[in-house]
Amino acid sequence: MADSESSSDGYLLEATDLKVTFRAPGGRKLHAVDTISIGVRPRETVGLVGESGSGKSTVALTLMRAHEPEGGRIVFDGLDVTHLRERDLRPIRQKLQMVFQDPYSSLDPRMSVRRIVAEPLKAHRYGTRAQINARVDELLDQVGLPPDAAERLPAQFSGGQRQRIAIARSLALEPKALIADEPVSALDVSIQAQIINLLRDLQDRLHIAFLVIAHDLALVHQISDRIIVMYLGEAVEEGPSDDIVGRPQHPYTVALLSATPVP
């Protein structure tokens, strides 16, 4: 099915020379991602930063195989998943999960929170109904929601609480890695820090690897061990989080920092 050789750098999730293009009207090619390489080690948090249109969300969706790469290689947990068929991706998606930007559109408004969080458990035949219910209750507690939240609908929660529900669902199958695509950009500033602190706490307790995607360099600095800066589909700078923020080398990174509001 796939090559089982581990990365020489110890990466859990790795993309090498990843290239993604889309067809524009008239047949013109748009190069969304141009030969970018990214690696995330076990228990590490990597921030992928860039302005809107830089290609960072395309990278995230391609790593999840929602987009088919035109070139390059994607390896997860030692397996080459670059061109796996949908049925072969099923066990991979159990261990590689994603949290989306907008908690308002990522949750089915007709379903109770219990059904939403239980969906992946049922899809992967986690256990009996009692075991699934117990797991849902455990997950809601992990993300800081009260027990009675399980029987309510998404519309009864704030944006920050909805994102907690989405995070609980992504953790249901005990993933090894989590891709968070702009997880706080749709939230009020007062709530953003709470969700960032939740992600940090979850990593400390569950030892999950994170790829956090955002346009706010200062925010990513709070949570990341390393930061990769993207510009026009390319990685222009990469390094330890403190170095990128304290001693930026690329003019675009300097521009991102200068655009960060000072409290």
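Further up the page is the structure itself.
Bear in mind the structure is a predicted one, so any value in this text is a computation, not a measurement.

### Some details on the packing of helix H3 (residues 113–123) against helix H4 (residues 129–142)
Thought 1: For the pair H3 and H4, interaxial distance at closest approach is 9 Å and the crossing angle is 115°. With respect to the hand of their crossing, H3 and H4 are arranged in right-handed fashion. Touching Val-113, Arg-114, Val-117, Ala-118, Leu-121 and Lys-122 of H3 are Ile-132, Asn-133, Arg-135, Val-136, Asp-137, Leu-139 and Leu-140, all from H4.
Thought 2: Residues belonging to the contact of H3 with H4 are distributed by class as follows: eight nonpolar, one polar and four charged.

### Digging into the pairing of strand E1 (residues 13–23)
Thought 1: The pairing of E1 with strand E2 (residues 29–40) spans eight bridges and is antiparallel. Within E2, the residue paired with Ala-15 across the bridge is Ile-38.
Thought 2: The loop that links E1 with its antiparallel partner E2 comprises five residues; one of these, Gly-26, has a positive phi angle of about 90°.
Thought 3: Judged from the five bridges that link them, E1 and strand E4 (residues 71–76) form a sheet pairing that is antiparallel. By the bridge assignment for E4, Lys-19 is matched with Gly-71.

### So, the packing of helix H5 (residues 159–170) against helix H6 (residues 189–206)
Packed helices, taken two at a time, are described by the angle their axes make and the gap between the axes.
Thought 1: Two elements in contact, H5 and H6, have axes whose closest approach is 10 Å; the angle formed by their N-to-C orientations is 20°. With respect to their mutual orientation, H5 and H6 come out roughly parallel. In this structure, the crossing between H5 and H6 has a hand that is right-handed. Along its contact with H5, which presents Gly-160, Gln-163, Arg-164 and Ile-167, the element H6 presents Ile-191, Gln-194, Ile-195, Leu-198, Leu-199 and Leu-202.
Thought 2: A class-by-class count of the residues in the contact of H5 with H6 yields six nonpolar, three polar and one charged.

### Re helix H9 (residues 251–258)
Thought 1: For H9, the set of buried residues is Tyr-252, Thr-253 and Leu-256. Viewed end-on, H9 has its buried residues packed into an arc of 100°, placing them on one side of the element. Set apart from the buried face of H9 by more than 90 degrees, the exposed residues are Pro-251 and Ser-258.
Thought 2: For H9, the secondary structure elements touched by its buried residues are strand E3 (45–49), helix H7 (217–221), strand E9 (226–231), strand E10 (234–240) and helix H8 (241–246).

### What to know about the nonpolar core
Side chains that are nonpolar tend, in soluble globular proteins, to be buried together.
Thought 1: Counting 37 residues, the largest nonpolar core has Val-117, Val-136, Leu-140, Val-143, Ile-165, Ile-167 and Leu-171 as the members making the most contacts within it.
Thought 2: Those elements that place two or more of their residues in this core are H3, H4, H5, H6 and strand E8 (209–214).
Thought 3: In this structure Val-117 touches Val-136, Leu-139, Leu-140, Ile-165, Ala-168, Arg-169 and Ala-172, once residues within four positions along its chain are discounted.
Thought 4: With 31 residues, the next largest nonpolar core counts Ala-15, Ala-32, Ile-38 and Val-59 among its residues.

### Observations regarding the packing of aromatic side chains
Centre distance and the angle of the planes are the two values used to describe a pair of aromatic rings.
Thought 1: Inspection of every chain in the model, using the stated rule, returns one aromatic pair.
Thought 2: Ring centres of Tyr-231 and Tyr-252 lie 4.5 Å apart, and the angle between their planes is 35°; on these two criteria the pair is classed as tilted. On the criterion of sequence distance, the pair formed by Tyr-231 in strand E9 and Tyr-252 in helix H9 is long-range, its members being 21 residues apart.
Thought 3: On the accessibility criterion, Tyr-252 (11% relative accessible area) is buried.

### Things to note about the environment of His-67
Thought 1: Tracing the sequence through the fold places His-67 in the loop between helix H1 (56–63) and E4.
Thought 2: On the basis of relative accessible area, His-67 is assigned to the partly exposed category, the value being 23%.
Thought 3: Note: C-alpha distance between His-67 and Val-20 (47 residues apart in sequence) is 7.9 Å.
Thought 4: Non-local contacts of His-67, meaning those with residues more than four positions away in its chain, are made with Phe-22, Thr-58, Leu-61 and Thr-62.

### Description of the pattern of salt bridges
Thought 1: Here the structure, examined in full by the defined rule, presents 17 salt bridges.
Thought 2: A salt bridge links Arg-114 to Asp-137, with the shortest nitrogen-to-oxygen separation between them at 3.0 Å. Within this pair, whereas Arg-114 is found in helix H3, its partner Asp-137 is found in helix H4, the two being separated by 23 residues in sequence.
Thought 3: The class of Arg-114 is buried, set by a relative accessible area of 15%.
Thought 4: With relative accessibility at 37%, the residue Asp-137 sits in the partly exposed group.
Thought 5: When the shortest N-O distance is used, the salt bridge between Arg-205 and Asp-201 registers 2.9 Å. Of this pair, Arg-205 and Asp-201 are both found in helix H6, four residues apart, which corresponds to roughly one turn of the helix.

About the thresholds
For every chain, the first residue of the written sequence is number 1, and numbering continues from 1 onward in sequence order. Totals for whole chains, interfaces and linings use all residues, but because this is a predicted model, local features are given only for residues with pLDDT of at least 70 and pairs of side-chain atoms are given and counted only at 80 or more. Note that the side-chain values use all heavy atoms of the structure and ignore hydrogens as well as water. Angles here are taken between N-to-C directions and fall from 0 to 180 degrees, while the axes themselves are lines fitted to C-alpha atoms, restricted in helices to the stretch in contact. Helix and strand assignments follow DSSP, with helices taken as H or I runs no shorter than four residues and strands as E runs no shorter than two, numbered in order from the N terminus. Working rule for handedness: look at the near helix, and if it is turned counterclockwise from the far one by less than a right angle, call the crossing left-handed; if clockwise, right-handed. What makes two residues a contact is simply this: any of their non-hydrogen atoms within 4.5 Å. Under the scheme applied here, ten amino acids are nonpolar (Ala, Val, Leu, Ile, Met, Phe, Trp, Tyr, Cys and Pro), four are charged (Asp, Glu, Lys and Arg), and all others, including Gly, are polar. Pairs of strands are assigned from DSSP output, requiring at least two bridges between the strands. Working definition: roughly parallel below 35 degrees, roughly antiparallel above 145 degrees, roughly perpendicular at 65 to 115 degrees, and oblique for all remaining angles. Accessible area is worked out with a 1.4 Å probe on protein chains only. A residue is then buried under 20% of its type maximum, exposed over 50%, and partly exposed in between. The arc in question is formed by the directions pointing from the helix axis toward the C-beta atoms. As used here, the term nonpolar core means buried Ala, Val, Leu, Ile, Met, Phe, Trp, Tyr and Cys residues forming a set that is joined through side-chain atoms within 4.5 Å. Centre distance within 6.5 Å is the pairing criterion for rings of Phe, Tyr and Trp, where only the six-membered ring of Trp is used; planes under 30 degrees apart are then read as stacked, over 60 as edge-to-face, and the remainder as tilted. Should a side-chain nitrogen of Lys or Arg be within 4 Å of a carboxyl oxygen of Asp or Glu, the pair is scored as a salt bridge.

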